[in-house]
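Take a look at the letters that make up each chain.
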Amino acid sequence: MKHFSVMLEESMAALDVKAEGVYVDGTLGRGGHSLAILQRLKNGHLYAFDLDETAIKESKERLKAYTNITYIHHNFKDMAAILKEKVDGIILDLGVSSPQFDEAQRGFSYRFDGPLDMRMDQSQTLTAHEIVNTYEEDALFKILHNYGEEPNAGRIARAIVENRPIDTTLKLVEVIKNALPAKVLAKKGHPCKQSFQALRIAVNGELEALQNFLDTFDNILKPGGRVVILTFHSLEDRLVKQSFKKLSTVNIDKHIPYLPDAIPQAAYRLINTKAVISSQEELALNHRSLSAKLRAIEKLR
Ligand SMILES: C[S@@+](CC[C@H](N)C(=O)[O-])C[C@H]1O[C@@H](n2cnc3c(N)ncnc32)[C@H](O)[C@@H]1O
């Protein structure tokens, strides 16, 4: 099957790869964005992070023609601490990849039966099974409410606690469906989408990782360097939007008479004032692009 990377052209335009530059792909996956960067490099270098060893193994094979890439099996949240040199650009294409979703054994999907796993990094100990089967009702409620924005978080949390043990994805689907009122089940879209999203975010600490990245990338970005982030739900997008807004604005005290040359300037500029969304052509080809938003920022000095 053809591999499809979300907003590939748009993200390359926003990253504006320099042939001699040093770049980071924080979410290697199957290497689609990495390949596009490598094709634009001459003497430059690419660092590629992924939590998932299978993704790294498969991308190594796919990108074996390139020697100017370093693979790092680690969370991108620590990239500023791990990398020993400053970089010209960073891309993040957040969330779970299609191969992770489509592999029943990984436990990400409410469509296939599998163990309740949901770990991107299979060397991690915390799994969805542990959360579903051991967390208190209140902790489950908070996960479903905060990370899934699930309006029926209370009912679902209670049903989970009452129906333990829950060992598989499809058993969890059944428990969630039984907990929901008929009018919710009659709505469009899968009734378990938000609960599964919430559990996945909790298992992988996804929002903490993103926030830590947003708080620290400045330490490794060169002036003129760019950060491009593709998000897939409103919680992620909100964090990126707020952080980029803060970096690209400066509060000027109107009571201070600055000389024209001394007016405080923001250290960053937004490359697109509004989030970029996928083209109609892309939307027709890839359902994952439907919820994608691209935001990009440039460091000025
Ligand atoms: C949507 S896929 C990336 C697809 C890739 N851009 C492509 O074109 O093939 C996201 C990948 O990022 C990885 N990932 C997600 N969060 C991560 C994190 N905090 N640190 C490192 N890798 C992460 C996942 O394991 C997954 O392989």
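Residues numbered from 1 in each chain as written. Predicted model: local features only at pLDDT ≥ 70, side-chain atom pairs only at ≥ 80, totals over all residues.

Caption draft 1: Highlighting the overall build of the chain. Within the chain one finds 14 helices and 7 strands. The C-alpha radius of gyration of the chain comes to 21 Å, within 12% of the 19 Å expected for a compact globule of 301 residues. Classification of the 301 residues of the chain by burial places 42% in the buried group. Here the analysis covers contacts within the chain between residues at least 6 apart in sequence; of these, 65% occur between residues at least 24 apart. (Helix = DSSP H or I, 4+ residues; strand = E, 2+ residues; numbered from the N terminus. Rg over C-alpha atoms; globule rule 2.2 N^0.38 Å. Buried ≥ 20, exposed ≤ 12 C-beta atoms within 10 Å, placed from the backbone. Contact = placed C-beta atoms within 7 Å.)

Caption draft 2: Representation of the sheet that holds strand S5 (residues 221-231). Read from one edge of the open sheet, 7 strands run S3-S2-S1-S4-S5-S7-S6, paired in mixed fashion. Only two strands of the sheet have a single partner each, and these edge strands are strand S3 (69-72) and strand S6 (268-270). Taken over all neighbouring pairs, the strand axes of this sheet differ in orientation by 15° on average, direction set aside. With 3 bridges connecting them, strand S1 (residues 22-25) and strand S4 (residues 87-93) associate as parallel partners. Looking at the pairing, Val24 lines up with Ile90 of S4. Across the sheet, helix H1 (residues 8-15) is in contact with S4, S5 and strand S7 (293-299); its angle to S5 comes to roughly 160°. (Pairing = 2+ DSSP bridges. Axes fitted to C-alpha atoms, helices over the stretch in contact; angles between N-to-C directions.)

Caption draft 3: Examining the packing of helix H12 (residues 206-216) against helix H13 (residues 234-247) more closely. At a closest axis distance of 10 Å, the pairing of H12 and H13 adopts a crossing angle of 15°. When the axes of H12 and H13 are compared, the pair comes out roughly parallel. The crossing of H12 and H13 is right-handed. Taken together, the residues of H13 that come into contact with H12 (itself represented by Leu207, Leu210, Gln211 and Leu214) are Leu235, Glu236, Leu239, Val240 and Ser243. Here the residues of the contact of H12 with H13 are counted per class, giving 6 nonpolar, 2 polar and 1 charged. (Parallel < 35°, antiparallel > 145°, perpendicular 65-115°, else oblique. Left-handed = near helix turned anticlockwise from the far one by under 90°. Nonpolar A, V, L, I, M, F, W, Y, C, P; charged D, E, K, R; others polar.)

Caption draft 4: Here's a closer look at H12. Of the residues making up H12, those classed as buried are Glu206, Ala209, Leu210, Phe213 and Leu214. Taken around the axis of H12, the buried residues stretch over an arc of 130°, which confines them to a single face. Counted as exposed and oriented over 90 degrees from the buried face of H12: Glu208 and Asp215. Packed against the buried residues of H12 are helix H4 (79-82), helix H11 (193-204) and H13. (Arc of directions from axis to C-beta.)

Caption draft 5: Up close: the packing of helix H7 (residues 137-148) against H11. At a closest axis distance of 8 Å, the pairing of H7 and H11 adopts a crossing angle of 100°. With respect to H11, the element H7 is oriented roughly perpendicular. Touching Ile143, Leu144, Tyr147 and Gly148 of H7 are Gln194, Ser195, Gln197, Ala198, Leu199, Ile201 and Ala202, all from H11. Grouping the amino acids of the contact of H7 with H11 by side-chain chemistry returns 7 nonpolar, 4 polar and no charged.

Caption draft 6: Main features of the site of the ligand. Around the ligand lies a shell of 21 residues, among which Ser5, Thr27, Gly29, Gly32 and Ser97 are the nearest. Residues that form the shell around the ligand fall into these classes: 6 nonpolar, 10 polar and 5 charged. (Near = placed C-beta within 6 Å.)

Caption draft 7: View of H7. Over its 12 residues, H7 extends 15 Å from the first C-alpha to the last, a length consistent with the 16 Å expected when each residue adds 1.5 Å. If you check which residues of H7 are buried, you get Leu140, Phe141, Ile143, Leu144, Tyr147 and Gly148. Just downstream of H7, Glu149 is the residue with a positive phi angle, here 50°. (Expected span 1.5 Å × (residues − 1).)

Caption draft 8: Quick peek at unusual backbone geometry. Of note, the bond from Arg164 into Pro165 is cis; its omega dihedral lies within 30 degrees of zero at 0°. Turning to its location among the elements, Pro165 is positioned in the loop between helix H8 (153-162) and helix H9 (169-179). For Met7, which is not a glycine, the phi torsion comes out positive at approximately 40°. Tracing the sequence through the fold places Met7 in the segment before H1. One non-glycine residue with positive phi stands out, namely Asp16, at about 50°. Here Asp16 is to be found in the loop between H1 and S1. We classify Asp16 as partly exposed; it has 17 C-beta atoms within 10 Å.

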